[in-house]
Amino acid sequence: MLPIDLSGRRALVAGVADDNGFGFAIAKALAAAGASVCVATWPPALNIFLNLIERGKIDDSRRLADGSLMTFERIYPLDATFDTLADAPEEIRTNKRYAERGDFSIEGLATQLVADFGEKPLDIVVHSLANGPEVKKPLLEVSRHGYLAAVSASAYSMVSMVQRLGPLLRPGGSFSSLTYMASERVIPGYGGGMSSAKAALESDTRTLAFEAGRKFGARVNVISAGPYASRAASAIGIIGKMVEYCERNAALPEQLDAMDVGNTAAFLASDLARGITGTTVYVDKGYHAMGMAVDALTTVAGAD
Ligand SMILES: NC(=O)c1ccc[n+]([C@@H]2O[C@H](COP(=O)([O-])OP(=O)(O)OC[C@H]3O[C@@H](n4cnc5c(N)ncnc54)[C@H](O)[C@@H]3O)[C@@H](O)[C@H]2O)c1
């Protein structure tokens, strides 16, 4: 058997706050492959997430194939829009959901990882977070502030994570992030500058692969996932329609399972993928390859 064996490796998955997103599925796949998994959670969602765990509400989702429950080695607070604590404005630092959390910046996360585990604590970093406050607005109506906020939270955060966590990686380390096809084709309804942020994230993946490859010996890839009704995606407002449309029109006419993405991330993080970097990997049931909607074909066929 050709195994995905991540035993002895430590992963950090940033962007896990419930059991319903890609981050959770990725954490689960990494744990199933034997990695120790730490997660980083946005402070406004952290209490709810800790409650879900403590009250056993996500035990079913945490169960691995061998019957054991996935555990998180650490759960760190992280607001990926801040590189250092000093960057966070006073009203955020004193907000009750942030104040009790210590240093929730990307730099703070790096410092805490070293304090907890030593100089080179990581092998795998996954960026599974995005935020676009004006995601429901078409680009023609997006404010400068909304656009830059989307790019800051969803794209620059990855650059900052590679800058600050790259030095913490052991040999053979890797970074992955999550993108969506709206970066390269028009997806009406995916607004707020989020399409621009994803385009930046994909372009940066190539540049970071080169720079982090030379500087840290690390690989950097991005997974372009098909639509999936996570909490973040539900904020778009039309995720149900997007999922249904893809199911009808993808090469494989079936819904995407979050574990399809999780398993791909585990493969990309493993030595089996040591020749892969700077790449966008599509995990979307082949939707990206289609040039004509099957729906449209049916309409045309129905017309004659
Ligand atoms: N769901 C989809 O249809 C889809 C498709 C393609 C790509 N993606 C991407 O997958 C990734 C994960 O999203 P998901 O859909 O699984 O939803 P999700 O809700 O599980 O994950 C998004 C996470 O980002 C966190 N977050 C938001 N702002 C943050 C900040 N400033 N700092 C730190 N964390 C922050 C949220 O708390 C949440 O945990 C995102 O990059 C998303 O764009 C999603």
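The residue numbering used here restarts from 1 in each chain and proceeds along that chain's sequence as written. Side-chain atom pairs in this predicted model are given and counted only at pLDDT of 80 or more, local residue features only at pLDDT of at least 70, and totals for whole chains, interfaces and linings cover all residues. Hydrogen atoms and water are omitted, and side-chain values are computed over all heavy atoms in the structure.

**Details of the overall build of the protein chain**
Stage number 1. Numbering goes from the N terminus for both helices and strands, where a helix is a DSSP run of H or I of at least four residues and a strand is a run of E of at least two. Tallying secondary structure elements over the protein chain gives twelve helices and seven strands in all.
Stage number 2. The globule rule puts the C-alpha radius of gyration for 304 residues at 19 Å, and the 19 Å found for the protein chain is close to it.
Stage number 3. In terms of principal-axis extent, the alpha carbons of the protein chain reach across some 70 × 50 × 45 Å.
Stage number 4. Here the term buried applies to any residue with accessible area under 20% of the maximum for its type, exposed to any over 50%, and partly exposed to those in between, with areas from a 1.4 Å probe on protein chains only. For the protein chain, with 304 residues in total, the buried portion stands at 48%.
Stage number 5. Counting contacts in the protein chain only where the partners sit at least 6 residues apart, residues at least 24 apart contribute 76% of the total.
Stage number 6. Per-residue and other accessible areas follow the Shrake-Rupley method at a 1.4 Å probe size, with only the shown protein chains counted as cover for residues. Looking at the protein chain as shown, the accessible area adds up to about 14,400 Å², and 54% of this sits on carbon and sulfur atoms.
Stage number 7. Separation of charge centres in the protein chain, based on 29 positive and 34 negative side chains, amounts to 2 Å. Atoms counted for the radius of gyration: C-alpha only. Globule rule: 2.2 Å times residue count to the power 0.38. Contacts: residue pairs with any heavy atoms within 4.5 Å of one another. Neither His nor the chain ends contribute to the count of charged residues, in which Lys and Arg are positive and Asp and Glu negative. Charge placement uses NZ in Lys and CZ in Arg. For Asp and Glu, CG and CD serve respectively.

**Topic: the packing of helix α7 (residues 144-165) against helix α8 (residues 194-216)**
Stage number 1. Axis definition: a line fitted to C-alpha atoms, over the contacting stretch in the case of helices. Angles run 0 to 180 degrees between N-to-C directions. Taken N-terminus to C-terminus, the directions of α7 and α8 make an angle of 15 degrees; their axes are 9 Å apart at the nearest point. Relative to α8, the element α7 is oriented roughly parallel. In the crossing of α7 with α8, the sense of the turn from one axis to the other is right-handed. Seen from α7, the contacting residues are Y147, A150, V151, S154, A155, M158, V159, V162 and Q163; seen from α8, they are M194, S196, A197, A200, L201, D204, L208, A212 and F216.
Stage number 2. In terms of residue class, the contact of α7 with α8 is made up of 14 nonpolar, three polar and one charged. In this scheme, roughly parallel covers angles under 35 degrees and roughly antiparallel covers those over 145, while 65 to 115 is roughly perpendicular and the rest are oblique. By definition, any crossing whose near helix is turned counterclockwise from its far helix by less than a right angle is left-handed, and any crossing with a clockwise turn is right-handed. Under the grouping applied here, Gly and all other residues not named as nonpolar or charged are polar, the nonpolar ones being Ala, Val, Leu, Ile, Met, Phe, Trp, Tyr, Cys and Pro and the charged ones Asp, Glu, Lys and Arg.

**Focus: the side chain of S177**
Stage number 1. Examined against the element boundaries, S177 turns out to sit in strand β5 (residues 169-179).
Stage number 2. Classification of S177 by relative accessible area gives buried; the value is 0%.
Stage number 3. The contacts of S177, once residues within four sequence positions are left out, are H127, M158, L201, T205, N221, V222 and I223.

**Quick word on the site of the ligand**
Stage number 1. The criterion for a residue being near a molecule or strand is simple. One of its heavy atoms has to lie within 4 Å of it. As a matter of local geometry, the ligand sits amid 27 residues, with F22, A80, K198, Y228 and S230 nearest to it.
Stage number 2. A distance of 3.4 Å is found between a nitrogen atom of the ligand and a side-chain nitrogen or oxygen belonging to W42.
Stage number 3. Coverage of the ligand by the protein amounts to 93% of the 810 Å² it exposes when considered alone.
Stage number 4. Cavity: a set of points on a 1 Å grid over the protein atoms alone where a 1.4 Å probe fits but cannot get out. Pocket: an open set with protein on both sides within 12 Å along at least five of seven lines, its lining residues, like those of a cavity, having an atom within 4 Å of a point. The way we define it, a molecule is inside a pocket or cavity when more than half of its atoms are within 2 Å of that pocket's grid points. More than half of the atoms of the ligand fall within 2 Å of the grid points belonging to the largest pocket.
Stage number 5. Elements with a minimum of two residues in the shell around the ligand: β5 and α9 (231-234).
Stage number 6. If you tally residues by element for the shell around the ligand, the top one is α9, at three residues.
Stage number 7. In the shell around the ligand, the residues fall into 16 nonpolar, eight polar and three charged. For this analysis, a polar contact is any N or O atom pair within 3.5 Å, provided that within protein one partner can donate a hydrogen and the other can accept it, and provided that sequence-adjacent residues contribute only side-chain to side-chain pairs.

**A few points about the UniProt feature "active site" (unreviewed entry) in the protein chain**
Stage number 1. UniProt positions are given in the numbering used here, feature names are shortened, and annotations may be inferred rather than shown by experiment. Mapped onto the present numbering, the UniProt feature "active site" (unreviewed entry) falls at Y180 and Y190. The annotated residues that sit in the lining of the second largest cavity are Y180.
Stage number 2. Assignment of secondary structure puts Y180 in the loop between β5 and α8.
Stage number 3. Contact partners of Y180, with chain neighbours within four places excluded, come to I187, Y190, K198, E202, S224, A225, P227 and M242.

**Focus: the pattern of salt bridges**
Stage number 1. For this analysis, a salt bridge means a side-chain nitrogen from Lys or Arg found within 4 Å of a carboxyl oxygen belonging to Asp or Glu. By the definition in use, this model includes twelve salt bridges.
Stage number 2. With a closest N to O distance of 3.4 Å, R231 and D18 form a salt bridge. One end of the pair, R231, is in helix α9; the other, D18, is in the loop between β1 (10-14) and α1 (22-32), and 213 residues separate them in sequence.
Stage number 3. The exposure class of D18 is buried, given its relative accessible area of 15%.
Stage number 4. Among the ionic contacts, a cluster of salt bridges with common partners joins E254, D260 and K285.

**Brief notes about the UniProt feature "binding site: NAD(+)" (unreviewed entry) in the protein chain**
Stage number 1. UniProt tags G15, L129 and K198 as "binding site: NAD(+)" (unreviewed entry). Within the annotated group, the residues that form the lining of the largest pocket are G15, L129 and K198.
Stage number 2. Structurally, the position occupied by G15 is in the loop between β1 and α1.
Stage number 3. Looking at G15, the relative accessible area reads 29%, which means it is partly exposed.
Stage number 4. When residues no more than four places from it in sequence are discounted, the contact partners of G15 are G23, A40, S128 and L129.
Stage number 5. Mapping K198 onto the fold places it in helix α8.
Stage number 6. When near neighbours in sequence (up to four residues on either side) are disregarded, K198 contacts A130, L178, T179, Y180, S183 and Y190.

**A closer look at the environment of D260**
Stage number 1. Mapped onto the elements, D260 comes out in helix α11 (residues 258-269).
Stage number 2. Owing to a relative accessible area of 26%, D260 belongs among the partly exposed residues under this scheme.
Stage number 3. In sequence terms D260 and L2 are 258 residues apart; their C-alpha atoms lie 18 Å from each other.
Stage number 4. If we skip the residues at most four places from it in the chain, D260 touches V283 and K285.

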